[in-house]
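# Summary of structural features
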Amino acid sequence: MASVIKVEHVTKKFGGETVLEDICLGFRKGAIYGFVGRNGSGKTVLFKVIAGFIRPTSGRVLVEGKEIGKDVDFAENIGIIIENPGFLSGYSGYRNLEYLAGIRKKIGKKEIMESMKRVGLDPRSPKKVRKYSLGMRQRLGIAQAIMENPHILILDEPMNGLDRQGVEDVRELLLGLRMEGKTILLASHSREDIEILCDEVYEMEHGVIRKT
């Protein structure tokens, strides 16, 4: 099966430090790929390079046949959680997603409400995001990532702040999205998450990657 994402000989340096070293990977449709490694091992930088937020020093990334930084500036049809999701604290969860959806104008009220319900949030709740728990913010971040029905999800520690039920809910959601044919890249410090969810697992250390 053809790769939805191709990472070809990607190296990234910041000054004299090599953060990614000659990374070559391919990711197919309908699979979950796990990434493990210590903080600073390069996982987040790799995700940002794939998304187009950071340009590689050398090598290239193709997403659905388009080269990032050449054919398109940023990867298309992609939902992302990288680091802590940022929201407008004075607005409700629904209003935050409505504002973000208005940027690209691809979806409307129905899709926003459905994405919130899928992660266990009430789209009609007037509660401001500043009063959300960490787990609720994380759920809202996942709702943002999936609301435009992207082909690809890049999720950096999506279980952060979730209680046991929340973790189980998100695992069920991700497995369902895989069944829908999504390509999911998942970084997690939880060995249990990786074992339950992932079809393939990669370990990163000092910018070098190996399949486990």
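Residues numbered from 1 in each chain as written. Predicted model: local features only at pLDDT ≥ 70, side-chain atom pairs only at ≥ 80, totals over all residues. Heavy atoms only, no water.

## Focus: the packing of helix H4 (residues 134-146) against helix H5 (residues 164-179)
Our working rule: Axes here mean lines fitted to C-alpha atoms, for a helix over just the part in contact, with angles spanning 0 to 180 degrees between N-to-C directions. Secondary structure follows DSSP: runs of H or I at least 4 residues long count as helices, runs of E at least 2 residues long count as strands, and numbering of each begins at the N terminus. An angle below 35 degrees is read as roughly parallel, one above 145 as roughly antiparallel, one from 65 to 115 as roughly perpendicular, and any other as oblique. Residue contacts are counted whenever heavy atoms from the two residues lie within 4.5 Å of one another. Amino acid classes used here: Ala, Val, Leu, Ile, Met, Phe, Trp, Tyr, Cys and Pro are nonpolar; Asp, Glu, Lys and Arg are charged; the rest, including Gly, are polar.
In contact at an axis separation of 12 Å, H4 and H5 are set at 10 degrees when each is read in the N-to-C sense. In terms of axis orientation, H4 runs roughly parallel to H5. Together, Arg139, Ile142 and Ile146 of H4 and Gln165, Gly166, Asp169, Val170, Leu173 and Leu177 of H5 make up the contact between the two elements. When the residues that make up the contact of H4 with H5 are grouped by side-chain class, the tally is five nonpolar, two polar and two charged.

## A closer look at helix H3 (residues 109-118)
For clarity, the cut-off: Residue burial is assigned from relative accessible area. The probe radius is 1.4 Å, only protein chains are included, and a residue is buried under 20% of its type maximum, exposed over 50%, and partly exposed in between. Taking the helix axis as origin, the arc is that swept by the directions to the C-beta atoms.
If you check which residues of H3 are buried, you get Ile112, Met113, Ser115 and Met116. What you see down the axis of H3 is that its buried residues fit within an arc of 160 degrees, all on one side. Seen from the open side of H3, the exposed residues pointing more than 90 degrees away from its buried face are Lys110 and Lys117. The inward-facing, buried residues of H3 abut helix H2 (93-104) and H4. Where H3 terminates, the next one or two residues include Gly120, which has phi positive at roughly 85 degrees.

## Overview of the sheet that holds strand S7 (residues 152-156)
Here is the rule: For two strands to be treated as a pair, DSSP must find no fewer than two bridges joining them.
The mixed open sheet is built from six strands, whose spatial order is S6-S7-S8-S3-S9-S10. Two strands in the sheet have a free side with no partner beyond their single neighbour: strand S6 (78-81) and strand S10 (208-211). When the angles between neighbouring strand axes are averaged without regard to direction, this sheet yields 15 degrees. Bridge analysis of strand S9 (residues 200-205) against S10 gives four bridges, and the strand direction is antiparallel. Bridge pairing in S10 places Glu203 opposite Arg210. Sitting on the sheet, H5 is in contact with strand S3 (31-36), S7 and strand S8 (183-187), with an inclination near 130 degrees to S3.

## Concerning the pattern of salt bridges
Condition: Salt bridges are defined as contacts in which a side-chain nitrogen from Lys or Arg sits within 4 Å of a carboxyl oxygen from Asp or Glu.
Tallied over the entire structure, the rule returns 17 salt bridges. Note that Arg28 is salt-bridged to Glu200, the shortest N-O span being 3.1 Å. A residue pair is termed long-range when its members are at least 10 positions apart, and Arg28 in strand S2 (residues 17-28) and Glu200 in strand S9 qualify at 172 residues. Assessed through its relative accessible area of 29%, Arg28 is described here as partly exposed. A relative accessible area of 17% means that Glu200 is categorised as buried.

## Section: the nonpolar core
A general tendency of soluble globular proteins is for nonpolar side chains to be buried together. Worth spelling out the cut-off: Buried Ala, Val, Leu, Ile, Met, Phe, Trp, Tyr and Cys residues form a nonpolar core when they are joined through side-chain atoms within 4.5 Å.
Grouped together as the largest cluster of nonpolar side chains are 36 residues, with contacts concentrated most on Leu97, Met116, Leu140, Leu155 and Leu174. Secondary structure elements with two or more residues in this core: S3, H2, H3, H4, S7, H5, S8 and helix H6 (191-197). Dropping the residues within four chain positions of it, Leu155 is found in contact with Phe47, Ile81, Ala145, Leu174, Ile184, Leu185, Leu186 and Ala187. Counting residues in hydrophobic clusters, the runner-up holds 32 residues, among them Ile5, Tyr33, Ile50 and Ala75.

## Some remarks on unusual backbone geometry
With a phi angle near 50 degrees, His9 is a residue other than glycine that sits in the positive phi range. Residue position: His9 is located in strand S1 (residues 3-14). Overall, His9 belongs to the partly exposed group, its relative accessible area being 48%. Positive phi, normally seen in glycine, also occurs at His206, with a value near 55 degrees. Checked against the element boundaries, His206 lands in the loop between S9 and S10. We classify His206 as exposed; its relative accessible area is 63%.

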